[in-house]
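Each chain is listed here by its residues.
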Amino acid sequence: MQSFPKVLECISDLSKDQIEKLIHSANRLKSGYVPVGSRNLGRKFTPIVATSFLENSTRTKHSFAIAIKKLGAMYIDFNADTSSLKKGENLEETLLTLHYQGVDLCIIRTSVSGELNQFKKDPPIAIINGGDGINEHPTQALLDLFTMFEEGIDINGKTMAIIGDCKHSRVGHSLTSLIPMFGGKIIFCGPKECLPEDIPANCEATTNVDEAILKSDVLYTLRIQKERHSQKAAYYDNYEEEFGVNLKRLQRLDKKIPVFHPGPVNIGVELDYETIKSDLYLGYKQVTNSVFMRMAILKAMLIDA
Ligand code: ASP
């Protein structure tokens, strides 16, 4: 079996078998399983894990911090704004510095798509991509798949509509790799400027949200990534009406299907308040499961590797 990568940059770094093991491990951790020697992850010295978020985050950073602490590793938050990165040091030198200080693994969020790829050949320390520009956000897609498994949603042979800014969303890109790996089909939906340029085999794209919902078994809604657009788009103004998922729309289409969102949600834009408070919405479960999936990933990289 292929060994767990030292740099988890994108979904394709993992085999299907490794992903299934992560889901199994997240499930066990959620049910209270404590890994042997978890106070120091079974090692002589307590591993040190750092987060370095060079872009905003609430969920990802905190759930990693909680996961690290629950596993009994030592946590340091590397504050990029007050670090030497601001003095012009490059990321490689910063990571080498962390390595020589004894840090084992760093979770990095960066606005530069593909920035972590350079470390794959000879990684100074283990790295997890916490979201890189518009490229990927692999741990989010993995926790989404875990949530599907937990909810009894077998995506094999089913269709997921990804509705929103499919083109600029790193979460959308990670799901685009992951869902077909597990036999699912994707319908991309949103304003035409938000649809991917290349539609993978077996997937579809539409600007008609009713059509996407009607053809789907699972809805995955995405925020419009305004911070990644060079200018305001015409569709911003009537997005809710044209592309928003709301309870009225779902009722009119007679669809009672699960609704996912990676957060943060702009309520009244991509989702309405009634949907978020309904049984269909799995966003809070995704948040809960994020801790256990991230624990499973850290465990795989720090202990099982
Ligand atoms: N939190 C996710 C991300 O960092 C989704 C989003 O921001 O829209 O990509």
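The structure under discussion appears in the preceding block.
We now turn to the structure provided with this report. Small disclaimer: the values here were computed from a predicted structure and weren't measured.

### Structural notes on the nonpolar core
Working step 1: Counting residues in hydrophobic clusters, the biggest one holds 55 residues, and the most contacted among them are Met293 and Leu298.
Working step 2: When residues in this core are grouped by element, the largest group, 10 residues, is from helix 10 (residues 283-304).
Working step 3: By size, the runner-up hydrophobic cluster in this structure holds 18 residues, among which are Val209, Leu247, Leu271 and Leu280.

### Comments concerning unusual backbone geometry
Working step 1: The omega torsion of the bond from Gly263 to Pro264 falls at -5°, within 30 degrees of zero and hence cis.
Working step 2: Tracing the sequence through the fold places Pro264 in the loop between strand 10 (259-260) and helix 9 (273-276).
Working step 3: Even without being glycine, Asn202 reaches a positive phi, approximately 75°.
Working step 4: Relative to the helices and strands, Asn202 is located in the loop between strand 7 (185-189) and strand 8 (204-206).

### Structural notes on the packing of aromatic side chains
Working step 1: Within this structure, the stated rule accounts for 6 aromatic pairs.
Working step 2: For the pair Tyr220 and Phe260, a centre-to-centre distance of 5.9 Å together with 10° between the ring planes defines the contact as stacked. Residue Tyr220 is located in strand 9 (residues 218-221), and its partner Phe260 is located in strand 10; the two are separated by 40 residues in the primary sequence.
Working step 3: Using a relative accessible area of 0% as the deciding quantity, one classes Tyr220 as buried.

### Description of the sheet that holds strand 9
Working step 1: With parallel pairing, the 5 strands of this open sheet are ordered in space as 8-7-6-9-10. In the strand order of this sheet, the two ends are held by strand 8 and strand 10, each with one partner.
Working step 2: Relative to strand 7, strand 6 (residues 159-163) runs parallel, the two sharing 5 bridges. Of the residues in strand 7, the one forming a bridge with Thr159 is Lys185.
Working step 3: Running at roughly 155° to strand 7, helix 5 (residues 170-181) makes contact with strand 6, strand 7 and strand 9 of the sheet.

### A few points about the site of the ligand
Working step 1: Lining the immediate surroundings of the ligand are Arg109, His137, Arg170, Val171, Arg223, Gln225, Pro262, Gly263 and Pro264.
Working step 2: Within the contact set of the ligand, an oxygen atom lies 2.9 Å away from a side-chain nitrogen or oxygen of Arg223.
Working step 3: Gln225 is positioned with one of its side-chain polar atoms (N or O) 2.9 Å from an oxygen atom of the ligand.
Working step 4: For the shell around the ligand, the residue count by class is 3 nonpolar, 3 polar and 3 charged.

### Side note on the packing of helix 4 (residues 138-150) against helix 10
Working step 1: In contact at an axis separation of 8 Å, helix 4 and helix 10 are set at 115° when each is read in the N-to-C sense. Overall, the two elements helix 4 and helix 10 adopt an arrangement that is roughly perpendicular. The chirality of how helix 4 crosses helix 10 is right-handed. Across from Thr139, Gln140, Leu142, Leu143, Asp144, Phe146, Thr147 and Glu150 in helix 4, the residues of helix 10 making contact are Lys285, Gln286, Asn289, Ser290, Phe292, Met293, Arg294 and Ile297.
Working step 2: Looking at the contact of helix 4 with helix 10 residue by residue, the classes come out as 6 nonpolar, 6 polar and 4 charged.

### A closer look at the sheet that holds strand 5 (residues 126-132)
Working step 1: Read across the sheet, 5 strands follow the order 1-5-4-2-3 without closing on themselves; strand pairing throughout is parallel. Every interior strand has two partners, whereas the edge strands, strand 1 (7-8) and strand 3 (74-77), have only one.
Working step 2: Strand direction decides the pairing type here: strand 4 (residues 105-110) and strand 5, joined by 5 bridges, are parallel. Paired with Thr110 across the strands is Asp132, a residue of strand 5.

### Regarding helix 3 (residues 91-100)
Working step 1: Residues Leu91, Thr94, Leu95 and Leu98 constitute the buried set of helix 3. Summarising the axial view, the buried residues of helix 3 lie within an arc of 95°, below the 170-degree limit, and thus occupy one face.
Working step 2: As for helix 3, its buried residues are in contact with strand 4 and strand 5.
Working step 3: For helix 3, the capping residue at the N-terminal end is Asn90, with a side-chain oxygen 3.2 Å from the backbone nitrogen of Glu92.
Working step 4: Just downstream of helix 3, Gly102 is the residue with a positive phi angle, here 100°.

### Some points on the packing of helix 2 (residues 59-70) against helix 10
Working step 1: The contact between helix 2 and helix 10 brings their axes to 8 Å, and the two run at 55°. Here helix 10 runs oblique to helix 2, going by the angle between their axes. Like other packed secondary-structure pairs, helix 2 and helix 10 cross with a definite hand, here right-handed. The segment helix 2 lies against helix 10, with Arg59, Thr60, Ser63, Phe64, Ile66, Ala67, Ile68 and Lys70 engaging Val287, Ser290, Val291, Phe292, Arg294, Met295 and Leu298.

### Considerations on the pairing of strand 9
Working step 1: Neither face of strand 9 is left uncovered, since the one carrying Val218 and Tyr220 and the one carrying Leu219 and Thr221 both have all their residues buried.
Working step 2: Bridge count between strand 6 and strand 9: 4 bridges; the pairing is parallel. Paired with Ala161 across the two strands is Leu219, which belongs to strand 9.
Working step 3: Looking at chain direction, strand 9 and strand 10 are connected through 2 bridges and run parallel. In the sheet register, Tyr220 faces strand 10, and the bridge partner there is Phe260.

Each value, and the rule that gives it
Residues numbered from 1 in each chain as written. Predicted model: local features only at pLDDT ≥ 70, side-chain atom pairs only at ≥ 80, totals over all residues. Heavy atoms only, no water. Core = buried A, V, L, I, M, F, W, Y, C linked by side-chain atoms within 4.5 Å. Buried < 20%, exposed > 50% of the residue type's maximum accessible area, 1.4 Å probe, protein only. Helix = DSSP H or I, 4+ residues; strand = E, 2+ residues; numbered from the N terminus. Phe/Tyr/Trp six-rings, centres within 6.5 Å; stacked < 30°, edge-to-face > 60°. Pairing = 2+ DSSP bridges. Contact = heavy atoms within 4.5 Å. Axes fitted to C-alpha atoms, helices over the stretch in contact; angles between N-to-C directions. Near = heavy atom within 4 Å. Polar contact = N/O pair within 3.5 Å; in protein donor to acceptor, adjacent residues only side chain to side chain. Nonpolar A, V, L, I, M, F, W, Y, C, P; charged D, E, K, R; others polar. Parallel < 35°, antiparallel > 145°, perpendicular 65-115°, else oblique. Left-handed = near helix turned anticlockwise from the far one by under 90°. Arc of directions from axis to C-beta.

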